[in-house]
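Examination of the molecular architecture
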Amino acid sequence: MPKKAISYDSLRRESHHPEVAGPPPIVLSIAGSDPSAGAGLQADLLTLASLGVHGCTAVTALTIQDSVNVRAYTPVNPEHTVAQARAVLEDMSIRVIKIGMLGSAAMVAALRALLADYPQIPVVLDPILVAGGGTALAETGLREALVAYLLPQVTVMTPNGPEALALSGADDLPAAGAWLNHHGAEWVLISGGHDEGPELENMLFHGEALQRTFRQSRLPHRYHGSGCTLASALAAGLARGLAMEEAVARALDFTHACLVHAYQLGKGQYFPDRFLGARGHREK
């Protein structure tokens, strides 16, 4: 029997842990900035806050984008990005590092050195290669640098199907998940939003084998920042001390609930309603 979906309200209540005194756990997001706040650092902060986690940021790129597509982006000097991250890491007790858009092999190399200094902190990687509207967000050599230098430092990565195939060069998703495990990523969650059919399959790999498939109903729209929401929700769960499979399940449920109630703010993709609980909705 399929596991009953976790409601957004229950996730929201549990995330705050009112019985536990003290400040919230902290996640450091290293990603690009999205002025529409649908994706990137802004989406990460909205998601983390909604789940009772404090988000800190280090900017990798400044983008010009709206709900339709990314029009242009300017990479940040990798030294500046790392300096931002180190300032936070040296001052606060960061529970999880979440990485999104990187854009260049130079940024990967800089983050490789940074992560090597903090091997005890789990890393969630959302390997963004293309914007939802179709614009490429990866310079030449990024794919090779990600595989060679960053995957061995990753606790869990969250590619969608096309990203998993592009990174691995595999012919199908099961082979892609195993390949990414083999090349360093301890856990791999391949989201199924880019497949076809009434049901999507989200596949979790560990030890070069499929560990679990999470099935969800397919929703009708195209969404801006769904991958960022999923990766950040997963980082929030790990920051709160959840085991990997439970953190994955809750992140998927949270993201699906946000997409069920997504709204259209502009002329393009729908935006996940990351504050649907505060807006008085209930999961359909």
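Please refer to the structure placed before this passage.
One structure accompanies this document, and this report is about it. (Residues numbered from 1 in each chain as written. Predicted model: local features only at pLDDT ≥ 70, side-chain atom pairs only at ≥ 80, totals over all residues. Heavy atoms only, no water.)

On to the overall build of the chain, then. Counting secondary structure elements, the chain contains 9 helices and 9 strands. Here the contacts in the chain between residues at least 6 apart in sequence split such that 68% fall between residues at least 24 apart. Approximately 12400 Å² of the chain is accessible, and the part contributed by carbon and sulfur atoms is 54%. (Helix = DSSP H or I, 4+ residues; strand = E, 2+ residues; numbered from the N terminus. Contact = heavy atoms within 4.5 Å. Areas by Shrake-Rupley, 256 points an atom, 1.4 Å probe, with all protein chains shown as cover.)

Once that is clear, we can look at unusual backbone geometry. Not every positive phi belongs to a glycine, and A37 is a case in point at roughly 65°. The partly exposed category is assigned to A37, whose relative accessible area is 26%. (Buried < 20%, exposed > 50% of the residue type's maximum accessible area, 1.4 Å probe, protein only.)

Next up on the list: the sheet that holds strand β4 (residues 94–99). With mixed pairing, 9 strands are arranged side by side in an open sheet as β3-β2-β1-β4-β5-β6-β7-β8-β9. The outermost strands of the open sheet, each flanked by one partner alone, are β3 (70–75) and β9 (209–217). The pairing of strand β2 (residues 54–65) with β3 spans 5 bridges and is classified as antiparallel. In the strand pairing of β3, L62 is matched with T74. (Pairing = 2+ DSSP bridges.)

This next bit is on the side chain of N202. Secondary-structure assignment places N202 in strand β8 (residues 199–206). A distance of 3.1 Å separates a polar atom in the side chain of N202 from a polar atom in the side chain of Q216. Excluding residues within four positions of it along the chain, N202 makes contact with L189, I190, S191, G192, R212, T213, F214, Q216 and L252. (Polar contact = N/O pair within 3.5 Å; in protein donor to acceptor, adjacent residues only side chain to side chain.)

This paragraph deals with helix α9 (residues 244–260). Taking 1.5 Å per residue, 17 residues should reach 24 Å; α9 reaches 24 Å between its end C-alpha atoms and fits that length. Burial of α9 is extensive: 14 of the 17 residues sit out of reach of the surface. (Expected span 1.5 Å × (residues − 1).)

Okay, the pairing of β8 next. For strand β7 (residues 187–190) and β8, the ladder comprises 4 bridges, and the chain directions are antiparallel. Its bridge partner lying in β8, W187 is registered against H206. With 8 bridges joining them, β8 and β9 adopt antiparallel strand pairing. From the neighbouring strand, E199 faces β9, where its bridge partner is S217.

Turning our attention to the pattern of salt bridges. If you walk through the whole model with that rule in mind, you get 7 salt bridges. Here E246 makes a salt bridge to R250, at a shortest N to O gap of 2.8 Å. Here E246 and its partner R250 are both found in helix α9, 4 residues apart, which amounts to about one turn of the helix. Note on E246: relative accessible area 27%, which makes it partly exposed. For R250, a relative accessible area of 16% puts it in the buried group. Connected via shared salt-bridge partners are E199, E201 and R215. (Salt bridge = Lys/Arg side-chain N within 4 Å of Asp/Glu carboxyl O.)

With respect to the helices and strands, the residue L111 is situated in helix α4 (residues 105–116). For L111, a relative accessible area of 0% gives the class buried. Each C-alpha atom, one on L111 and one on P78, is 8.1 Å from the other, the two residues being 33 residues apart in sequence. Residues within four places of L111 in sequence aside, it is in contact with I30, V82, I99 and L102.

Attention now goes to the side chain of K98. Mapped onto the elements, K98 comes out in strand β4. Within the local environment of K98, its side chain forms a polar contact with the side chain of D44, the two groups lying 3.0 Å apart.

Time to look at the packing of helix α5 (residues 142–150) against helix α6 (residues 161–168). For the pair α5 and α6, the least separation of the axes is 9 Å and the interaxial angle reads 80°. Considering their axes alone, α5 and α6 lie roughly perpendicular with respect to each other. Residues R143, L146 and V147 of α5 touch α6, and the partners they reach there are A166, L167 and S168. Looking at the contact of α5 with α6, its residues break down into 4 nonpolar, 1 polar and 1 charged. (Axes fitted to C-alpha atoms, helices over the stretch in contact; angles between N-to-C directions. Parallel < 35°, antiparallel > 145°, perpendicular 65-115°, else oblique. Nonpolar A, V, L, I, M, F, W, Y, C, P; charged D, E, K, R; others polar.)

Turning our attention to the nonpolar core. Within the largest apolar cluster, 42 residues are counted, with the highest numbers of intra-cluster contacts made by I30, L89, I97, I99, L102, L146 and M157. With 6 residues, α4 is the largest single contributor of residues to this core. Beyond its immediate chain neighbours, meaning those up to four positions away, I99 contacts I30, L111, L115, V123, V124, L125 and D126. Counting 29 residues, the second largest nonpolar core, distinct from the first, contains L48, V124, M244 and A257. (Core = buried A, V, L, I, M, F, W, Y, C linked by side-chain atoms within 4.5 Å.)

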